[in-house]
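The primary structure of each chain is shown beneath.
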Amino acid sequence: MTSSSGALNEELQCSICLDVFTDPVTTPCGHNFCRTCLNKCWTNTQTCFCPSCKETFSRRPDLEINTTSGTAMGGESFAQHFKEKLNLGESEVLCDICDGRKQKAVKSCLTCQSSYCETHLEPHHRVHRLKKHTLINAVENLEDYICQKHERPLELFCRDDQTSVCLSCTEGDHRTHNTVPIEEESREKKNQLLQTQTDVQQMIQNRMKKIQEIQHSVELRKRNTEKEKSASVELFTDLIRSIERCQSELLLMMEEQQKAAEKQAEDLIKELQQEITDLKKRNTELEQISHTDDHLHVIQIFSSLYSRPHKNWTEISIDSDVNVLPMNKALTLVKKTHETLKKNLSQTVLKCVLKFSVDVTLDPDTVNPYLILSDDGKQVSLGDIEQDAPENPKRFDVGLCVLAKQGFSSGRFYYEVQVKGKTEWSLGVARESINRKEMITLAPEDGFWTVIVKNENQYIVFDNPVVMFSLRVKPEIVGVFVDYEEGLVSFYDVGSRSHIYSFTGQTFSDKLYPYFSPGLNEGGKNSKPLIITPVKIKKESIPLEYGK
């Protein structure tokens, strides 16, 4: 068939059944399909979409008859006309006998190994000897239909060797084989092809239906996500406003208490100053009466001067404490609620990252000579003596550490390491181009994103600035998650399903490798190894998409 007819075949081919159009119709977006194929795609579905460009239609569109593929040609469609010509095996094979201008061949003779036009084919219909020859529709590659060994037509098929053979072949190498006429094998193969085509068409339908299901699920999830986001924002907004309102009320209450205390103090001071004035006056009077010689006068005014009442100030004071105990209890409750929310969020995120778990194995080419690796490459500990290790540019000569064999230059990955019973260790990731021959600082600017533990519960992170903290519960298994594109390195306590620390906003350009350091033995206190453990994933823990 010519290239022009091949291109025309593609133009007249339905992309669903992969056959020439039958009753072709056009969708509003301009793509063509068989009417039956398109109707099958839209059966039992709520949303109609174009199988080619996936454009979704708000309602089932009215299908227009394809004016190109369905144009009438003497009472038949152009597509049907072209399909019949294909089935007839029409080609540009020319007659081998014609002199001068050659006519188009209609048949090829496998016995004569020649192609004939209608005129030169006539003897094969008339001469008795020629009637026994094998004729087929005209083909260009006639040699493909002839046995190259015996130069006889390939009229039989060997099912043992799955190859076409001639009659002479059955008397030689294929003598004991199961051979059948080529037409019989062809019919069986066609039946198999029809069944395969039916299966393929069903697979196409199933996959298109699955596309619809996935699109529907994503759309439904999107709506649910937006709904939950809106509800969460509203809830947190109300909570923030409530806290801000409580803060304002608390500050106002403390200011009012302070003003009341200051007013009380001012009144007491005035009263004390007045009493001081009165007491000074009384003191003067007492001084005067003590020096008088009028004994009768002393007796007469003694009672009034001696027994004059005065206020007892020993039990009067200003409270220096601020009475906010009820509010402090409320704030403590809010803080606990925040910690619970934070813990629940960490658990949700940890569930999401589990599906990015990778199988990590320690690389003996990188291990420091003082470290010992297990045979399976899953454990590392500090030895007592330096091991005999060959020189390797990848090896750490000074740092007591080792990298994994697996490196990552894109995507997300997660692994877990057991640190139970250890008092000192370091975990994280390192870029491929780090310095392995000198003293190193486990900081991002030097190519390390790690968490360092000293003295059992002293955590050090060389972020900017350096961060130091301790944990209420010491983790036994630590999970490390990396999102290369997002520049994120996070650490989790797998046991409590809580977040430990995260490097955020980082920029990665090199390949990243998991990093391990078991630390010094500390007289046997820290002799246990770091152990890479398999990640335990529960099916119900895996959401549709990871989100931070």
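A quick note: this is a predicted structure, and the numbers were derived from the prediction, not measured.

Definitions and cut-offs
Residues numbered from 1 in each chain as written. Predicted model: local features only at pLDDT ≥ 70, side-chain atom pairs only at ≥ 80, totals over all residues. Heavy atoms only, no water. Helix = DSSP H or I, 4+ residues; strand = E, 2+ residues; numbered from the N terminus. Buried < 20%, exposed > 50% of the residue type's maximum accessible area, 1.4 Å probe, protein only. Contact = heavy atoms within 4.5 Å. Areas by Shrake-Rupley, 256 points an atom, 1.4 Å probe, with all protein chains shown as cover. Pairing = 2+ DSSP bridges. Axes fitted to C-alpha atoms, helices over the stretch in contact; angles between N-to-C directions. Salt bridge = Lys/Arg side-chain N within 4 Å of Asp/Glu carboxyl O. pLDDT = per-residue confidence, 0-100. Core = buried A, V, L, I, M, F, W, Y, C linked by side-chain atoms within 4.5 Å. Phe/Tyr/Trp six-rings, centres within 6.5 Å; stacked < 30°, edge-to-face > 60°. Expected span 1.5 Å × (residues − 1).

Some details on the overall build of the protein
In terms of regular secondary structure, the protein is built from eight helices and 26 strands. Looking at the protein residue by residue over its 548 residues, the buried ones come to 32%. Partitioning the intrachain contacts of the protein with sequence separation of at least 6 by distance along the chain shows that 57% fall at a separation of at least 24. Just so you have it, the protein exposes about 35,000 Å², and 51% of that area is on carbon and sulfur atoms.

Some words on the sheet that holds strand β11 (residues 156-158)
By way of backbone hydrogen bonds, the strands of a sheet pair with one another, either parallel or antiparallel. Within the open sheet, the three strands sit side by side as β12-β11-β13. Their pairing is antiparallel. Both outer strands of the open sheet, β12 (163-165) and β13 (179-181), are each paired with one neighbouring strand and no more. Between one strand axis and the next, the sheet turns by 35° as a mean value, whatever way the strands run. With three bridges connecting them, β11 and β12 associate as antiparallel partners. When the bridges of β12 are listed, Phe157 appears paired with Ser164.

Some remarks on the pattern of salt bridges
Note that side chains of opposite charge can pair when their charged atoms are close. A complete count under the given rule lists 18 salt bridges for this structure. With a shortest N-O distance of 3.7 Å, Glu266 and Lys270 are connected by a salt bridge. Taken together, the positions of Glu266 and Lys270, both in helix α6 (residues 182-290) and four residues apart, correspond to about one turn of that helix. On the accessibility criterion, Glu266 (41% relative accessible area) is partly exposed. In this structure, the salt-bridge partner of Lys454 is Glu424, at a minimum N-O distance of 3.4 Å. With Lys454 in strand β19 (residues 448-454) and Glu424 in the loop between β17 (412-418) and β18 (425-431), this pair connects stretches of sequence that are 30 residues apart. Note on Lys454: relative accessible area 31%, which makes it partly exposed.

Topic: the confidence of the model for the protein
Residue-level pLDDT values for the protein average 83, and 84% of them are 70 or greater. By mean pLDDT, strand β6 (residues 72-73) is the weakest element of the protein at 40, and strand β25 (residues 512-517) is the strongest at 98. Contacts for the low-pLDDT stretch residues 1-9, under 50 throughout, to residues beyond four places or in other chains number nine contacts.

Quick notes on the nonpolar core
Nonpolar side chains in soluble globular proteins tend to be buried together. Counting 37 residues, the largest nonpolar core has Tyr415, Trp425, Leu427, Val489, Phe491, Phe516 and Leu530 as the members making the most contacts within it. One finds Cys17, Leu38, Cys50 and Met208 within the second-largest nonpolar core, a separate group that totals 16 residues.

Some points on the pairing of β19
Counted residue by residue, β19 has six buried out of seven residues, so it is predominantly covered. Sheet topology note: the β18/β19 ladder contains six bridges and is antiparallel. The residue of β19 that forms the bridge with Gly428 is Thr450. Bridge count between β19 and strand β20 (residues 458-461): three bridges; the pairing is antiparallel. Counted as the bridge partner of Lys454 is Gln458 from β20. Linking β19 to β20, which pair antiparallel, is a turn of three residues; within it Asn455 sits at a positive phi near 50°.

Here's the deal with the sheet that holds β20
Pairing within the open sheet is antiparallel, and its six strands lie in the order β16-β25-β18-β19-β20-β21. On the outer flanks of this sheet lie β16 (402-403) and β21 (467-469), each paired with one strand and no other. With six bridges joining them, β18 and β25 adopt antiparallel strand pairing. Looking at β25, one finds that Ser426 is bridged to Ser517.

Some words on the packing of aromatic side chains
Taken as a whole, this structure holds twelve aromatic pairs when the rule is applied. For the ring pair Trp42 and Phe57, a centre distance of 6.2 Å and an interplane angle of 75° mean the geometry is edge-to-face. Remark: Phe57 occurs in strand β4 (residues 56-57) and Trp42 occurs in the loop between α2 (35-41) and β3 (48-49); sequence separation between them is 15 residues. The same class applies to Trp42 as to Phe57, namely buried. For the pair Phe491 and Phe503, a centre-to-centre distance of 6.4 Å together with 65° between the ring planes defines the contact as edge-to-face. Taken together, the positions of Phe491 in strand β23 (residues 488-493) and Phe503 in strand β24 (residues 498-503) put the pair twelve residues apart, joining distant regions of the chain. For the residue pair Phe491 and Phe503, the accessibility class agrees, reading buried in each case.

What about α6?
With 109 residues, α6 should reach 162 Å at 1.5 Å per residue; the first-to-last C-alpha distance of 154 Å fits that figure. If you check which residues of α6 are buried, you get Glu185, Gln205, Met208, Gln212, Leu250, Ala261, Leu268, Glu275, Arg282 and Ile289.

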